[in-house]
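Below are the chains, spelled out letter by letter.
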Amino acid sequence: MQKHTARRGGKDMEDMGYTNMEAVIRNVSSKGLLVKDTKSRASGHSGEVIGTLDSYKLSLLFYLAHVTKNMDAASDDPSEIPPRYYFGGYGNITEDFGVTQPTKTVAQQIFAGERDLDGYVESRYLHGRQQVGKALRELQSMGIVKCVRRANSYQNINSVWILLIGTQEENATVERLAERHLAYIDRMRNKPRGFAGMIDETN
């Protein structure tokens, strides 16, 4: 699957994330879009519905904002990765969130031979991917992200998500540039074998 990384140093790194994260705060979290209904456990108020922050979705949005290009990095070249465009797959998010790492208690159980490390990591990895996918689908239903290409295991390609975290005009630009880039990729795939212009790298 594709790896979603920025080169260390130079303009590529400067293009990544900072103003996107500001947009998440300004246009999403500060407007209460990530507040969910929760039943209170406070003494005297147990069972009352209160609003609490959905911290997982906020963390996921901050992650996507951080690893994708800012709006001012948009290019006229359709081969360039567009702004607010994520193609790195659910697995990369799961690994970067660290959810496959054993807790202290689990590590002790593994050391004692009570649990299998490989089995634990695989189970946590699959659960993490499912959690990412569920959160993204919920964010899409809210209009905050959008899937513009579904994953295809036969072609070994990840799904592509765009972040709709800006103004109406910015979001329209993000969607237009993503569609243009995906159309370019499709044209490159249909070139004869050995064509040197392929830009949709997989590992």
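Counting starts from 1 at the beginning of each chain's written sequence and moves along it residue by residue. Under the rules for a predicted model, residues below a pLDDT of 70 receive no local features and side-chain atom pairs below 80 are neither given nor counted, while totals for whole chains, interfaces and linings still include all residues. Side-chain figures throughout are based on the complete set of non-hydrogen atoms in the structure, without hydrogens or water.

1. Section: the side chain of Asp54
(1) Moving on: Helical segments are the DSSP runs of H or I of at least four residues, strand segments are the runs of E of at least two, and each set is numbered from the N terminus. On the secondary structure map, Asp54 appears in the loop between β2 (49-53) and α3 (55-67).
(2) Moving on: A polar atom in the side chain of Asp54 sits 2.8 Å from the side chain of Lys57.
(3) Moving on: Residue contacts are defined here by distance: any two heavy atoms, one from each residue, within 4.5 Å place the two residues in contact. With residues up to four places along the chain from it excluded, the contact list for Asp54 reads Leu34 and Lys36. Identification of polar contacts relies on pairs of N or O atoms within 3.5 Å, with a donor-acceptor requirement for protein atoms, meaning one able to donate a hydrogen and the other able to accept it, and with residues adjacent in sequence counted only if both atoms are side-chain atoms.

2. Digging into the nonpolar core
(1) Moving on: Residues Leu60, Leu61, Leu64, Leu136 and Ile144 are the most contacted members of the largest nonpolar core, which totals 24 residues.
(2) Moving on: Breaking this core down by element, the ones donating at least two residues are α2 (18-27), α3, α4 (89-97), α6 (117-141), β4 (145-149) and β5 (160-163).
(3) Moving on: Looking at this core, the element that brings in the most residues is α3, giving seven residues.
(4) Moving on: Setting aside anything within four residues of it in sequence, one finds Leu64 in contact with Tyr86, Ile93, Leu136 and Leu163. Among buried residues, the Ala, Val, Leu, Ile, Met, Phe, Trp, Tyr and Cys ones that are joined through side-chain atoms within 4.5 Å form a nonpolar core. Relative accessibility decides the category of a residue: with a 1.4 Å probe and only protein chains considered, values under 20% of the type maximum give buried, values over 50% give exposed, and everything between is partly exposed.

3. Some details on the packing of aromatic side chains
(1) Moving on: Only rings of Phe, Tyr and Trp enter the pairing, Trp through its six-membered ring, and a pair is recorded when the two centres are within 6.5 Å. The plane angle decides the type: under 30 degrees is stacked, over 60 is edge-to-face, the rest tilted. Inspection of every chain in the model, using the stated rule, returns four aromatic pairs.
(2) Moving on: Seen from their ring centres, Tyr85 and Phe87 are 6.0 Å apart, and the 55° between their planes marks the pair as tilted.
(3) Moving on: By relative accessible area, which is 15% here, Phe87 ends up buried.

4. Quick look at the confidence of the model for the protein
(1) Moving on: Within the protein, residue pLDDT values average 85, and 85% of them lie at 70 or more.
(2) Moving on: Confidence of the predictor at the level of single residues is given by pLDDT, which spans 0 to 100. Here residues 1-13 is a poorly scored stretch, pLDDT under 50, and it has 31 contacts once near neighbours within four places are set aside; other chains count.
(3) Moving on: Predicted confidence is poor over residues 194-203, with pLDDT under 50, and the contacts of this stretch with residues over four places away or in other chains come to 22 contacts.

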